[in-house]
Amino acid sequence: MSDHSIFTRPARFAAIAPYVWMVLFFLVPFGFVLKISLSQTAISQPPYTPVFDFAAGWASIEAAFGALSSDNFHLLLSDDLYVLSYLRSLVVAAVSTSILLAIGYPIAYGMARLPKQWQPIAMMLVIVPFWTSFLIRIYAWINILQHDGLLNQILLALRLVSAPVVWLSTDSAMYLGIVYSYLPFMILPLYAVLAKMEPALEEAAADLGASPREVFWLVTFPLSLPGVGAGVLLCFIPIVGEFVIPDLLAGSNALMIGQTLWLEFFTNKDWPVASATAIVLLALLLVPLLLYDRLQRRQLEQAR
Amino acid sequence: MKMPKGLSHFNIASLALGAAFLYLPIVILVIYSFNASRLVTVWGGWSLRWYYEFFNDSAMIEAAWMSVRVGAVSASIATLLGTAAAVALSRGEGFRGRTLFSGMLYAPLVMPEVITGLSLLLLFVALNAERGFWTVTIAHTTLTMCFVAVVVQSRLTALDRSLEEAAMDLGCDPVRAFAAVTLPLIIPSIAAGWMLAFTLSLDDLVIASFTTGPGSATLPIRIYSEVRLGVKPEINAICTLVIAVIAAVIVSASVAAKLSNQPGETAAPL
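This text gives an overview of the structure that appears in the document. All figures in this text were calculated on a predicted structure; none of them were measured in a lab.

Rules of the game
For every chain, the first residue of its written sequence is number 1, and the numbers climb from 1 along that sequence. As a convention, the first chain written is A and the first ligand written is 1, with the rest following in written order. Totals for whole chains, interfaces and linings use all residues, but because this is a predicted model, local features are given only for residues with pLDDT of at least 70 and pairs of side-chain atoms are given and counted only at 80 or more. A run of H or I in DSSP counts as a helix once it spans at least four residues, and a run of E counts as a strand once it spans at least two, with each numbered from the N terminus. Only C-alpha atoms enter the radius of gyration, while the globule expectation follows 2.2 Å times N to the 0.38, with N the number of residues. The burial label depends on the number of other C-beta atoms within 10 Å of a residue's C-beta. Counts of 20 or more mean buried, 12 or fewer mean exposed, and intermediate counts mean partly exposed, with C-beta atoms placed from the backbone. Residues are scored as being in contact if the C-beta atoms we place from backbone atoms lie within 7 Å. To count as a nonpolar core, a set of buried Ala, Val, Leu, Ile, Met, Phe, Trp, Tyr and Cys residues must be joined through C-beta atoms within 7 Å. In this count, Pro and Cys sit with the nonpolar residues alongside Ala, Val, Leu, Ile, Met, Phe, Trp and Tyr, while Asp, Glu, Lys and Arg are called charged and the others, Gly among them, polar. Helix span is expected to be 1.5 Å times the residue number reduced by one. Helix axes are fitted only over the stretch in contact, all axes being lines through C-alpha atoms; the angle between N-to-C directions runs from 0 to 180 degrees. Comment on the angle field: the value is read as roughly parallel under 35 degrees, roughly antiparallel over 145, roughly perpendicular from 65 to 115, and oblique elsewhere.

1. Things to note about the overall build of chain A
Link 1 in the chain: In terms of helices and strands, chain A carries 16 helices and two strands.
Link 2 in the chain: In terms of overall size, chain A is more extended than a compact globule, its C-alpha atoms giving a radius of gyration of 25 Å where 304 residues would be expected to give roughly 19 Å.
Link 3 in the chain: Seen through its C-alpha atoms, chain A measures out along the principal axes to roughly 80 × 80 × 30 Å.
Link 4 in the chain: Each of the 304 residues in chain A was classed as buried or not, and the buried ones make up 42%.
Link 5 in the chain: Considering only contacts in chain A between residues 6 or more positions apart, those separated by 24 or more positions represent 71%.

Written as C-alpha cells, this is what we have:
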C-alpha cells in the first residue's frame, strides 16, 4: 500500500525556486508598471518623475506619492487615437481568432482521424514551423507578397491581373500573417482533445440514425469544446497585444495597441504613457486571462 | 447511415492545404536564398554569395552569437525551473498558493510580449541593473519557463504512476524513486522543453528589444531593423541558416527520442 502523501511533500519543495523567480520577475514588475503609469514623463535618467528615493527619507517618499496622478489614464480614455487603437486590437483579435478556428478545426480533425502511426508525424509537421523563427516566417510572407514578389509574378503570368497588386501594408496581409503565425496555437489544443475522443461515441450516434453533420454538431463539437476554448484563448489574448505582425504587414493609418505602446515607449520616449497603455490593455484582457486560468486549472485537475 | 471511418476527402484536403500553407513560404524563402540575382523577379542561378555576405557581416555574426549564448543560458535555467514547477504541480497535490503559482506560471504563455517586456525593463531600471546579456537572459528565462513546464507536465501526468508506487513499495524514499524511475522516463520531455525554450529565445524580438542594452543586440533585433528597410537577399541566407540549425536540432532530438523509447510511455514527448 503506497502513501501518496510521502511523495507530495518533497514535490512541493520543488515549487520554491520557480515560485520565487516568478514573483520576482513576473509579478513584481507589474507593480512598477502601475507606479510608472501614475508618473509624468521627464527629461532625466530615468525618464520619469517622481522617482522614489528610499534613501532620502520618509518625507521625500510622501512627496513622491503626492506627485502621482492619473493624468495618463485620462489621456488614454479621452484621446481618440488610443480608444480606436484598443478597439481595433480587439476587433482584429476577434476576427483573426474566428478565421483561425475555421481553418484550424478541420486540420486538427483530419489529424485526429489519421491512422495512429501517422499522428506523431503530423503533430511534428505542425510544430516544426512554430519552432522555426516567427520573425522569419513573417519575412517569408513579405518576400512573397511584395510588389514584385512571387505572388504577383504568378498572377501576372496567369494573366489574372494586368498590373501588380498591392498586397503589403494592407489589413489582408496582416490577417494572413496573424493566421499563419498562430495556427499551431489553435491546432494543437484542438488536436489534443479530438485525438482523445472515443470514436465509439460518433459511431453510436451514427448507428442511432444521425447524419454525418448531426454527428459532428451534436456529438463531436460539444465534446471538443475544452479544446476550442483553449485554442481560442491561446490565440485571442496574445493577438490583442501583437506588435511585430501589424508593424511589418499592415498599413500605417490605424495602429494596434501593441504598436501604440511601442511607439510611445521607443519613439516618444514617454514611459508613463506607455505604462498606462499596458495597464489598460491588461485590464481589457483580465476577463479572458481569468477564463484561460480557469481552463488551465480544470485541465490540470482532470489530468491528475 | 454509418459515418465513413478513417479519412474523408475533406479531411485529406484540409491536411494537404494546411501543410502547403504552413510550409510553402519557408520553402520559397530557402530557395531564394540561393538566388544569384539580387532581384526577386530574376532567377540568376544557384549561388552562395548571400551566405558569404552574411559571414562577412560582423554586426550580424555578433548578434547571432549573442542570440545563441542568451538562448543556451536562458533555456538551461528555464528547463531547471520549469521542470521543478512541473513536478510540483503534477505530484504536489494541493498546497497553499498553488492557484497563484499555476496562474503565474502559465500567464506568460498568453500575455502579450509588449507587456512582459515593458514590465521587466521597468524592473531592471528600478534596480539600476546594467542592461545587456543578463537582463535579456533573465527576461527570456521568465518567458520560456512556462513552456518547459507545460511540456514536462503533460508528460508527467501521462506517465503511469504505478511505476513510482512500485519503487516506493520496494523501499525507496520518494526522492530516490523520482530520480531512479520517473526522471529517466521524462528526460525526452525535458530535452524537448530545453529545445523549445532555446528556439523561443532565439526567435524573440519584442522582449529582447525592451530589455537589451547598447551593444548587445540579438539576431532578431538586427534582422528586424533590416527587414523594416525592405527585402534583402542577405536576410534570406540568414533565415535559411537559422531554419537549418533549428531543423538539425529537432531532427537529432527526434532521433534521440526514438532511440530511447521505453515501455511505459503513453504518448510522444510533446
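2. Examining the overall build of chain B
Link 1 in the chain: Scanning chain B for helices and strands turns up 11 helices and zero strands.
Link 2 in the chain: The N-to-C order of helical and strand elements in chain B reads α-α-α-α-α-α-α-α-α-α-α.
Link 3 in the chain: Here chain B holds 270 residues, and 50% of them are scored as buried.
Link 4 in the chain: Residue pairs at least 24 apart in sequence account for 78% of intrachain contacts in chain B once pairs closer than 6 positions are excluded.

3. Notes on the nonpolar core
Link 1 in the chain: Counting 163 residues, the largest nonpolar core has A108, I138 and Y191 of chain A together with L118 of chain B as its most contacted members.
Link 2 in the chain: No other element matches the 17 residues that helix 9 (residues 171-196) of chain A contributes to this core.
Link 3 in the chain: If sequence neighbours within four positions are ignored, A108 of chain A has contacts with I187, L190, Y191 and L194 of chain A.

4. Considerations on the interface of chain A and chain B
Link 1 in the chain: Each partner contributes residues to the interface: chain A has 89 residues there, and chain B has 78 residues.
Link 2 in the chain: Residue contributions to the side of chain A that touches chain B peak at 14 residues, all from helix 2 (residues 16-37) of chain A.
Link 3 in the chain: The residue makeup of the side of chain A that touches chain B, split by class, is 66 nonpolar, 14 polar and nine charged.

5. Considering helix 3 (residues 58-91) of chain B
Link 1 in the chain: With 34 residues, helix 3 of chain B should reach 50 Å at 1.5 Å per residue; the first-to-last C-alpha distance of 48 Å fits that figure.
Link 2 in the chain: Directly after helix 3 of chain B, the chain includes E93 of chain B, whose backbone phi takes a positive value near 50°.

6. Topic: the environment of F55 of chain B
Link 1 in the chain: Position of F55 of chain B among the secondary structure elements: in helix 2 (residues 49-56).
Link 2 in the chain: Expressed as a C-alpha distance, the spacing of F55 of chain B and V148 of chain B, which sit 93 residues apart in the sequence, is 33 Å.

7. Here's the deal with helix 5 (residues 113-126) of chain B
Link 1 in the chain: Compared with an ideal rise of 1.5 Å per residue, which puts 14 residues at 20 Å, helix 5 of chain B spans 20 Å between its outermost C-alpha atoms and is within 8% of the ideal.
Link 2 in the chain: Of all 14 residues that make up helix 5 of chain B, 12 are buried, and the element is covered over most of its length.
Link 3 in the chain: Check the buried side of helix 5 of chain B and you find it contacts helix 2, helix 14 (257-267) and helix 15 (271-284) of chain A together with helix 4 (98-110), helix 6 (133-158) and helix 9 (206-211) of chain B.
Link 4 in the chain: With its phi angle positive at about 60°, N128 of chain B sits one or two positions after the end of helix 5 of chain B.

8. Quick word on the packing of helix 7 (residues 134-145) of chain A against helix 1 (residues 9-33) of chain B
Link 1 in the chain: In the contact formed by helix 7 of chain A and helix 1 of chain B, the axes pass within 9 Å of each other and the chain directions differ by 75°. In this view, helix 7 of chain A runs roughly perpendicular relative to helix 1 of chain B, as classed from their interaxial angle. Where helix 7 of chain A approaches helix 1 of chain B, its residues R137, A140, W141, N143 and I144 of chain A are matched on the opposing element by P25, I26, I28, L29 and Y32 of chain B.
Link 2 in the chain: Looking at the contact of helix 7 of chain A with helix 1 of chain B, its residues break down into eight nonpolar, one polar and one charged.

Purely geometric numbers; function is a separate question.
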